[in-house]
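# Structural overview
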Amino acid sequence: MLELPESQVMADQLNRTIKGKTIKSVTANQSPHKFTFYFGDPQKYDSLLSGRQVGEAYALAGQVEIALGDARLLFTDGANIRYLKEGEKPPVKHQFYSEFTDGTALVTTVQMYGGIHVFLEGQNDNPYYLVAKEKPTPYMEEFNRAYFETLYESVKQNISVKAFLATEQRIPGLGNGVLQDILFHAGIHPKVKIENIDETKRDILFKSLKKTLLEMKEKGGRDTEKNLFGVYGGYQTYLSKKTLEEPCPKCGGWISRQAYLGGNIYFCPKCQPLDGR
Ligand SMILES: [Zn+2]
């Protein structure tokens, strides 16, 4: 799943790899997939994009958008985007395939769910897209301690810190994946009610959020996610499905896993006490 760091890395790799190329042809929805969401009719993507030159790619929270003149190609967080060198074969099943005039290509597959949107600038009124464009992300300076406090004050105080940080698009692109290490470094259990996180702890949480996301981006994304070239990122996750069997990096104890609010949470019961203290 693309989250904040991976979409930044993906946009950067797209800019270095396909920017300036010209699209020869596009095949969309070649292998229909129930949970792949297209904007408009995917059969029209070829005529909308063929002949256009690839412009700048940029990260929009957990999404990646590519400009092609006044057309836009948007991949949402569940889309796996891969670059194919000349002669490299695409997977048998795919949801989007774009060949460039130099023989290279971009192929996208969706595993669980994801969106592939082709549209003309200004046409896309998808609420997730609009929120992702509008709200500051933790990579921006305006996402500062004061902004974080306004977010904190805008919600009911009895919700959990996971609900606060990773639901309702409050911080677009901050999903269940990156959440685990942010909370681990802050020493906060994902189920702690935010009313039990005092100001000192909120300072620590804010710093962990900024620092962890920055480190994930600088190291090329998390080691649980693949980049444009199909390679896992260089950021080694502290808490993820990859590390469940390993001892807690801080105290050496057992790591716990629980299903909670749409996704597994991982935590050390000792280093991240449930009472928030
Ligand atoms: Zn521990």
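Further up the page is the structure itself.
Residues numbered from 1 in each chain as written. Predicted model: local features only at pLDDT ≥ 70, side-chain atom pairs only at ≥ 80, totals over all residues. Heavy atoms only, no water.

## So, empty space enclosed by the protein
Throughout the structure, instances matching the rule amount to 2 cavities of 30 Å³ or more. As a volume, the largest cavity reaches approximately 60 Å³. Around the largest cavity, the lining is made up of 14 residues, and of these E6, V9, G220, K226 and N227 lie nearest the centre. Here the residues of the lining of the largest cavity are counted per class, giving 6 nonpolar, 5 polar and 3 charged. Of the domains in this structure, domain 1 (4-134) and domain 2 (145-267) are the two that each give at least three residues to the lining of the largest cavity. Of the voids in this model, the second largest cavity is the one considered here, and its volume is about 40 Å³. As for the second largest cavity, its lining consists of I18, I23, V54, I66, L68, L73, S98, F100 and L106. Where the lining of the second largest cavity is concerned, the elements lending two or more residues are β4 (63-68) and β7 (96-100). Classifying every residue of the lining of the second largest cavity by side-chain character gives 8 nonpolar, 1 polar and no charged. (1 Å grid on protein atoms, 1.4 Å probe; cavity = no way out; pocket = protein on both sides within 12 Å on 5 of 7 lines; lining within 4 Å. Points joined across faces, edges and corners; volume = space filled by probe spheres on them. Nonpolar A, V, L, I, M, F, W, Y, C, P; charged D, E, K, R; others polar. Domains from an automatic or database assignment. Helix = DSSP H or I, 4+ residues; strand = E, 2+ residues; numbered from the N terminus.)

## Description of the packing of aromatic side chains
Tallied over the full model, the rule gives 11 aromatic pairs. A ring pair is formed by Y83 and F229, whose centres lie 6.2 Å apart and whose planes are at 80 degrees; its orientation type is edge-to-face. Linking Y83 in strand β6 (residues 79-84) with F229 in the loop between α7 (199-218) and β10 (256-259), this pair joins segments that are 146 residues apart in sequence. What links up through ring pairs into an aromatic cluster is the set F143, Y147, F148, Y152, F164 and F206. Against the face of Y152 rests R202, its NZ or CZ located 4.0 Å from the ring centre. Residue placement shows K242 over the ring face of Y232; its charged tip is 4.4 Å from the ring centre. (Phe/Tyr/Trp six-rings, centres within 6.5 Å; stacked < 30°, edge-to-face > 60°. Lys NZ or Arg CZ within 6 Å of the ring centre and 35° of its normal.)

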